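# Structural overview for review
Each chain, written out:
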Amino acid sequence: MKRRRRTEILIQGDPQLAQKFAESIIDTYEYREILAPQYGLTMIKMRETAKSSLFYIGEVLITEAKVEINKRIGIGIVVGMKDELAHHLAIIDAAYKAQLHETIAWEAVLIEAEKQINIERAKRQAELFETRVSFETMEV
């Protein structure tokens, strides 16, 4: 599983999942905190649809953390002020980079969490479609 997909699942899904994964690594391995969770700003890129050109729409507040496990550096970046989540994401990223055996078992859990996220997203979208108005059938 690619890093981006894994991170999106951990951010959008159950917040306890990232904590559970990170704690399993913390309990077993030594890690060194390179950068404690800290706040910063980053620019948000958008694509203009007509000309398909990129532009910066503005800045967003992020929380960033870095840790090292077995000489592999992991980075956790999350939108908003979420110190614990950024720290947990950094530990999980470092665990994957260090190819720790715990990460193999996480794949199935992450896939299941992704399915749950998609089900919830479909439910929300169905609720929104129920409120949709068809202007073509309205009489004026």
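Above this text you will find the structure in question.
Residues numbered from 1 in each chain as written. Predicted model: local features only at pLDDT ≥ 70, side-chain atom pairs only at ≥ 80, totals over all residues. Heavy atoms only, no water.

## Overview of the packing of helix H1 (residues 3-12) against helix H3 (residues 83-97)
Selection criterion: Angles shown run from 0 to 180 degrees and are taken between the N-to-C directions of axes, each axis being a line fitted to C-alpha atoms and, for helices, limited to the stretch in contact. Labels follow the DSSP assignment, with helices taken as runs of H or I lasting at least four residues and strands as runs of E lasting at least two, numbered in each case from the N terminus. By convention the crossing between two helices is left-handed if the near helix lies anticlockwise of the far one by an angle smaller than a right angle, and right-handed if it lies clockwise. Whether two residues touch is decided by their heavy atoms; if any such pair falls within 4.5 Å, the residues are in contact. Throughout, the ten residues Ala, Val, Leu, Ile, Met, Phe, Trp, Tyr, Cys and Pro are labelled nonpolar, Asp, Glu, Lys and Arg are labelled charged, and all others, Gly among them, are labelled polar.
At a minimum axis distance of 11 Å, the contact between H1 and H3 shows a crossing angle of 145 degrees. Seen along the crossing, H1 lies across H3 with a hand that is right-handed. Side by side, H1 and H3 meet where Arg 3, Arg 6, Thr 7, Leu 10 and Ile 11 of the first sit next to Leu 85, Leu 89, Ile 92, Asp 93, Tyr 96 and Lys 97 of the second. Residues of the contact of H1 with H3, tallied by class, amount to 6 nonpolar, 1 polar and 4 charged.

## Observations regarding the sheet that holds strand S2 (residues 53-69)
How we decide: Strand pairing requires that DSSP identify at least two bridges connecting the strands.
What the 3 strands build is an open sheet, ordered S1-S2-S3; its pairing is antiparallel. For this open sheet the edge positions go to strand S1 (32-48) and strand S3 (72-79), each flanked by a neighbour on one side alone. Neighbour-to-neighbour, the strand axes of this sheet turn through a mean angle of 30 degrees, independent of strand direction. Across 8 bridges, S2 lies against S3 in antiparallel orientation. Bridge pairing in S3 links Ile 62 to Val 79.

Functional significance is not addressed by these values, which are geometric in nature.
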